[in-house]
Amino acid sequence: MVIRKEYLEELIKWKDENVIKVVTGIRRCGKSTLLTQYQDYLLKSGIGDNQIISINFEELEYEELCDYKKLYAYIKERLQDEKTTYIFLDEIQKVPNFEKAVDSLYVKPDTDIYITGSNAYMLSGDLATLLTGRYVEISMLPLSFKEYMQFTDKDRESAFADYIRYGGLPFVAAMERADDKIDTYLEGIYNTVIVRDIEDRQKRQESDPDKRKINDIALLKTIARYLAGTIGSPVSVRGITNYLISAGRKISPNTVSDYLEALTESFIFYPAERFDIVGKQVLKANKKYYMVDLGLRNHILPRKSYDLGFSVENMVYFELLRRGYKVSVGKHQDTEVDFVAQKQSGLVYVQVTADMTAKATFDREMKALYSIRDNYEKIVLTLDKLTIGNYDGIKVINLLDWLME
């Protein structure tokens with residue numbers, strides 16, 4: 001079992017702080033394993049077994065506790081006097097009105113609460129209203145390439161070929177390399193996210209009259225496939241609507257927008273807004289969407305749609321998120337920068353290309369960065385090793401070296 005070091009350290013950092021720790025991310029990215037690893041840390045730190053209450057709502061034995069009042073009563077009976085009780089509630093979105101139980105437990109003395117969920121909708125509505133300023137979200141992603149390397153005895157290049165083909169879901173990384181087995185597993189994950197998580201989302205939306213129901217799974221999968229095939233390209237609701245109409249569907253932009261929202265809330269796709277580098281402002285039109293796992297992307301796309309350049313761009317987007325950046329797509333006059341990565345310390349401009357050895361490609365990738373007249377860091381990430389170097393302050397770095405930093 002690989003220790004998810006960065007996420008574990010994040011939980012340790014927030015230990016005993018008076019905020020609810022909310023771990024979010026797509027199904028099977030490792031949230032439950034992370035909670036187990038953190039509980040092991042607590043036990044080794046001297047916390048007693050009786051101070052830990054752990055409930056996974058995916059397990060049948062806890063089905064009765066999906067009533068928030070019963071859940072609250074169950075936990076309240078087990079709170080320790082004059083000792084901190086550590087409460088872990090895994091896949092909490094399965095409990096209607098769970099926020100009422102969580103809020104009531106939060107105000108009890110000596111409680112430290114950790115919850116996980118596979119849908120961002122759990123952090124909207126009543127939960128956000130009740131717990132504003134009282135929770136911190138830790139967004140979890142599948143394995144990074146550096147973490148993935150711990151699963152294999154292959155050399156870096158061979159491991160990278162597997163990673164870009166099969167993705168970084170922990171179970172896939174650990175299982176025997178057989179295409180049919182991996183495909184079957186990914187199909188199960190994909191269908192579970194599309195069907196069950198959307199269903200959970202629907203239940204939470206029943207009291208919200210402004211939300212339209214997501215009840216056409218075939219349409220949802222069609223839009224997901226469209227987004228997976230347009231990784232690295234600007235996408236608009238109008239563009240998706242026109243595509244569907246041309247394919248014979250009668251559909252409105254509002255419906256497309258709702259289905260798009262469902263796909264992002266279930267952590268399958270992440271939107272990247274466009275950022276005007278000159279005006280230093282976010283542009284609302286034509287976001288790009290990146291898919292959380294390349295294995296899932298390759299699973300739902302026809303094999304002929306595979307594109308190495310867009311795959312590595314997708315990979316870099318999520319690695320920047322892992323490193324704590326807010327990531328946008330850069331627009332500078334008539335050129336585009338793949339990513340503008342922001343932290344409080346400043347910006348990093350990032351170009352991504354599979355190969356820079358062709359002069360036309362080299363000139364194109366460098367032109368966008370040369371045209372930016374500020375002193376923030378500018379880098380190009382590439383799989384080739386021939387163009388590595390420093391060009392008037394622009395660093396060209398081998399992608400695998402960067403991923404292993």
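Everything here concerns the structure above.
Residues numbered from 1 in each chain as written. Predicted model: local features only at pLDDT ≥ 70, side-chain atom pairs only at ≥ 80, totals over all residues. Heavy atoms only, no water.

**Re the overall build of the chain**
And step 1. When helices and strands are counted, the chain shows 16 helices and 13 strands.
And step 2. Taken over the C-alpha trace, the chain has a radius of gyration of 22 Å; the compact-globule value for 405 residues is 22 Å, and the two agree within 12%.
And step 3. Expressed as a percentage of the 405 residues in the chain, the buried residues total 51%.
And step 4. The long-range share in the chain, meaning contacts at least 24 apart out of those at least 6 apart in sequence, stands at 66%. (Helix = DSSP H or I, 4+ residues; strand = E, 2+ residues; numbered from the N terminus. Rg over C-alpha atoms; globule rule 2.2 N^0.38 Å. Buried < 20%, exposed > 50% of the residue type's maximum accessible area, 1.4 Å probe, protein only. Contact = heavy atoms within 4.5 Å.)

**Examining the packing of aromatic side chains**
And step 1. A full pass over the atoms with the stated rule returns 16 aromatic pairs.
And step 2. With a centroid separation of 6.0 Å and 15° between ring planes, the pair formed by Tyr 38 and Tyr 41 is classed as stacked. Of this pair, Tyr 38 and Tyr 41 both sit in helix α2 (residues 31-44), three residues apart, which is roughly one turn of the helix.
And step 3. On the numbers, 4.6 Å between centres and 35° between planes, the contact of Tyr 226 with Tyr 243 is tilted. Placement of Tyr 226 in helix α10 (residues 217-229) and of Tyr 243 in helix α11 (residues 237-246) is noted, with a sequence separation of 17 residues between them. (Phe/Tyr/Trp six-rings, centres within 6.5 Å; stacked < 30°, edge-to-face > 60°.)

**Some points on the sheet that holds strand β3 (residues 85-90)**
And step 1. Strand order in the open sheet made by the five strands is β2-β3-β4-β1-β5, with parallel pairing throughout. The open sheet has two free edges, formed respectively by β2 (52-56) and β5 (135-139), since each of these has just one partner strand. The sheet shows a mean angle of 15° between the axes of neighbouring strands, taken without regard to direction.
And step 2. Of the strand pairs in this sheet, β3 and strand β4 (residues 111-117) are connected by five bridges, and their pairing is parallel. When the bridges of β4 are listed, Tyr 86 appears paired with Asp 112.
And step 3. Here α2 sits on the sheet and contacts β1 (20-24), β2, β3 and β4; the angle it forms with β3, its principal contact strand, is near 165°.
And step 4. Against the sheet, helix α4 (residues 98-106) touches β1, β3 and β4, its axis set at about 160° to β4. (Pairing = 2+ DSSP bridges. Axes fitted to C-alpha atoms, helices over the stretch in contact; angles between N-to-C directions.)

**Quick look at the pairing of strand β11 (residues 377-382)**
And step 1. In terms of residue burial, β11 counts as a mostly covered element, since five of its six residues are buried.
And step 2. Relative to β11, strand β10 (residues 346-353) runs parallel, the two sharing six bridges. By the bridge assignment for β11, Gln 351 is matched with Val 380.
And step 3. For the crossover from β10 across helix α15 (residues 359-370) to β11, the handedness is right-handed.
And step 4. Pairing analysis gives five bridges linking β11 to strand β13 (residues 394-398), with the strands arranged parallel. Residue pairing in the sheet places Lys 378 in a bridge with Ile 394 of β13. (Right-handed = clockwise from strand over helix to strand, strands pointing away.)

**Brief notes about the pattern of salt bridges**
And step 1. In this structure the tally under the stated criterion is 25 salt bridges.
And step 2. As a salt-bridge pair, Arg 4 and Glu 147 come within 2.8 Å of each other at their nearest N and O atoms. With Arg 4 in the segment before α1 (5-14) and Glu 147 in helix α6 (residues 145-148), this pair connects stretches of sequence that are 143 residues apart.
And step 3. You can call Glu 147 buried: its relative accessible area is 6%.
And step 4. A salt bridge links Arg 28 to Glu 58; the shortest N-O distance between them is 3.7 Å. Residue Arg 28 is found in the loop between β1 and α2, and its partner Glu 58 is found in the loop between β2 and α3 (68-77); the two are separated by 30 residues along the sequence.
And step 5. A network of salt bridges, in which partner residues are shared, links Arg 27, Arg 28, Glu 58 and Lys 94. (Salt bridge = Lys/Arg side-chain N within 4 Å of Asp/Glu carboxyl O.)

**Comments concerning the packing of α1 against α2**
What describes two packed helices is the angle between their axes and the distance between those same axes.
And step 1. Packing of α1 against α2 leaves a shortest axis separation of 10 Å and a crossing angle of 55°. As summarised for this structure, α1 and α2 are arranged oblique, according to the angle between their axes. When you trace α1 past α2, the crossing you get is right-handed. The segment α1 lies against α2, with Tyr 7, Leu 8, Leu 11 and Ile 12 engaging Leu 34, Gln 37, Tyr 38 and Tyr 41.
And step 2. Tallied by class, the residues present in the contact of α1 with α2 amount to seven nonpolar, one polar and no charged. (Parallel < 35°, antiparallel > 145°, perpendicular 65-115°, else oblique. Left-handed = near helix turned anticlockwise from the far one by under 90°. Nonpolar A, V, L, I, M, F, W, Y, C, P; charged D, E, K, R; others polar.)

**Observations concerning the environment of Tyr 376**
And step 1. By the secondary structure assignment, Tyr 376 is in the loop between α15 and β11.
And step 2. A sequence separation of 30 residues divides Tyr 376 from Gly 346, and the C-alpha atoms of the two residues are 7.2 Å apart.

**Section: unusual backbone geometry**
And step 1. A positive phi angle, close to 60°, is found at Asn 97, a residue other than glycine.
And step 2. Among the secondary structure elements, Asn 97 is positioned in the loop between β3 and α4.
And step 3. Looking at Asn 97, the relative accessible area reads 31%, which means it is partly exposed.
And step 4. Of note in this structure, Phe 267 is not a glycine but carries a positive phi near 65°.
And step 5. Note on Phe 267: relative accessible area 7%, which makes it buried.

Purely geometric numbers; function is a separate question.
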